[in-house]
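# A closer look at the structure
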Amino acid sequence: MSIDTATGVLGDATIGELEAALRGEVVRPGDPSYDEARAVWNAAHDRRPALVVRCAGTADVIRAVEFARSQDLPVAVRGGAHSIAGFSTCDGGIVIDLSAMKGARVDPARRRVLAQPGLTWGELDHETQAYGLAVTGGLVSSTGISGFTLGGGVGWLVRRYGLASDNLVGADLVTADGRSVHADAEENPELFWALRGGGGNFGVVTSFEYELHPVGPEVLGGLVIYPQSEARQVVSRWRDLTAGMPDELTTLVNLTTAPPLPFLPPEVHGTRIAVVAGMYAGSPQAGEAAVAPLRTLGTPIADVLGPIPYLGMQTLLDPLWTRGAHNYFTSAFIEASDAAIDTMTRLHGTTPTPFSELHLHQLGGAFGRVPADATAFSQRDAGFLCNVIARSPEPDGFDGHVAWARDAREQMARHGKGTMYVNFTGDADGDRVRASYPDAVHARLVRVKDEYDPTNLFRLNQNIRPSSGG
Ligand SMILES: Cc1cc2nc3c(=O)[nH]c(=O)nc-3n(C[C@H](O)[C@H](O)[C@H](O)COP(=O)(O)OP(=O)(O)OC[C@H]3O[C@@H](n4cnc5c(N)ncnc54)[C@H](O)[C@@H]3O)c2cc1C
């Protein structure tokens, strides 16, 4: 194999050898599908990889990893391509694109599903709901299961059944040396611990096995929308309610700007609003008493909370999160003190675009009962997760929007321990990663990294650097 070191361009013969070794395909600059193949969900990351390897199966992943290592190429690993920080693409390197690997096998008797890494939550929910089953998935159905699960995974079932990663019972992955290894509670348990919250640091996962739970087909869920003038009171009353909510109910508040949705009066469109969203993961009849107080936190502009198919709830927010916009997310685990709510509602008045917003996710329930050392996702005592979002359809001024979000995050983080959630972290610097893990957890992750990726081949992620420095 050869690389033109003068230009950094891979030779045709070199790529031909790789292509011949694959069941999937290689896309490179100049190919008709190159622009489509290099695009990711977040338009803020417009990169030009040297090649995109569209893997058809595990053998292709092994070949791609070996090729990247032999050519000393930067490696980006892509499942659903929703990385906020842009980790699933790169300039001049290789993208190991798993998006064609979409197999799912549900075992309804054991309530398990074996899922390939290219599935989105919409696709996996479709398969599991055919059996009346589900696992905690994303709030937006186009999000990939892979990055989501490896970083944690907060969704409408988080208080009932924990994070997506809490429901992972096993995984197969291709490590930096091209081996395929299995990790579960008995086999490679430290690797299994690290995969549940440690992100894509340890190899390329080719199969996820999840525990499933009976959910739906109908649940109780939706949105109650209040005017900004009531936001302070709404968030504060909601916070008070969360302390007594049953595990079946997972809620959040979103301080945002009203989109032109048909159930909102036209005069509200474009004004700032406080949205209370939630889902009761039980029978709609049983849930009504639990959700009723969400309707009386103020004077609702709209109340679209009611019985809904679980699959409908999982796609409810999709129209607001189409691909192709510029996005930056950043986060902080906080306590929702009065002071924190003051800060949040004040920041709501400063959002730089109508698509920029502040979310406060309620945690607790099953999420909070997982022992802190059971998985690498360790912030189990946090009551709430604040996610600050800067989003714009236009590149113009986006840097300023990002600066707003960073500043807002710093202000919100003062109401917690300063830790953040790797999946809601749009920055790629080491300080942000360190802020995502307590010291002991980070040290344990470094030991696993040393064992499985000592040269830091997989570094395009919220990177755990090996002790060698990588
Ligand atoms: C619109 C939107 C909605 C979101 N909603 C939620 C939400 O409700 N809850 C929540 O918790 N998070 C949410 N997120 C954040 C989401 O969890 C992360 O963006 C996550 O990384 C997405 O996974 P992906 O497979 O689509 O990403 P990708 O961009 O494909 O992957 C992200 C990173 O994960 C790693 N990775 C991916 N696949 C593999 C693999 N098979 N093996 C090893 N490493 C891999 C790589 O490091 C990669 O760079 C949301 C993000 C977006 C953009």
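Here's what I pulled together on the structure shown here. (Residues numbered from 1 in each chain as written. Predicted model: local features only at pLDDT ≥ 70, side-chain atom pairs only at ≥ 80, totals over all residues.)

## Looking at the site of the ligand
Just so we agree on the cut-off: For each residue, a C-beta position is placed from the backbone atoms; the residue is near a molecule or strand when that point lies within 6 Å of it. Strands are runs of DSSP state E lasting at least two residues, helices are runs of H or I lasting at least four, and both sets are numbered from the N terminus onward. Throughout this entry, Asp, Glu, Lys and Arg are counted as charged residues, while Ala, Val, Leu, Ile, Met, Phe, Trp, Tyr, Cys and Pro are counted as nonpolar. The remaining residues, Gly among them, count as polar.
The full set close to the ligand counts 36 residues, and G79, G80, G144, G147 and G200 are the nearest of them. Secondary structure elements with two or more residues in the shell around the ligand: β5 (75-78), α5 (145-151) and β12 (204-211). For the shell around the ligand, the element with the highest residue contribution is α5, accounting for 5 residues. Here the shell around the ligand is built from residues that sort into 17 nonpolar, 18 polar and 1 charged.

## Some points on the packing of helix α11 (residues 338-348) against helix α13 (residues 398-413)
The following threshold applies: Simply put, an axis is a line fit to the C-alpha atoms, just over the touching stretch for a helix, and the angle between two N-to-C directions goes from 0 to 180 degrees. Orientation categories follow fixed angle ranges, with anything under 35 degrees roughly parallel, anything over 145 roughly antiparallel, 65 to 115 roughly perpendicular, and all other angles oblique. Take the far helix as your reference; a near helix turned counterclockwise from it by less than a right angle gives a left-handed crossing, and one turned clockwise gives a right-handed crossing. By definition, residues are in contact whenever their C-beta atoms, placed on the basis of the backbone, come within 7 Å of each other.
Running from N to C, α11 and α13 cross one another at 165°; their axes reach a closest spacing of 9 Å. The angle between the axes of α11 and α13 places the two elements in the roughly antiparallel class. As for how α11 packs across α13, the hand of that crossing is right-handed. Here α11 contributes A340, T343, M344 and L347 to the contact with α13, which in turn contributes A408, Q411 and M412. By residue class, the composition of the contact of α11 with α13 is 5 nonpolar, 2 polar and no charged.

## Some details on the environment of G197
Along the polypeptide, G197 turns up in the loop between α7 (189-195) and β12. Separated by 190 residues in the primary sequence, G197 and N387 have C-alpha atoms spaced 17 Å apart.

## Quick notes on unusual backbone geometry
Which entries qualify depends on this criterion: Exposure classes come from backbone-placed C-beta atoms, where a residue is buried if 20 or more other C-beta atoms lie within 10 Å of its own, exposed if 12 or fewer do, and partly exposed in between.
Each neighbour pair has its own omega, and for G216 with P217 the value is 5°, a cis peptide bond. Within the element layout of this structure, P217 appears in the loop between β13 (213-214) and β14 (218-227). The phi dihedral of N188 falls on the positive side, at around 50°, and the residue is not glycine. Overall, N188 belongs to the buried group, with 21 C-beta atoms counted inside 10 Å. The phi dihedral of N456 falls on the positive side, at around 60°, and the residue is not glycine.

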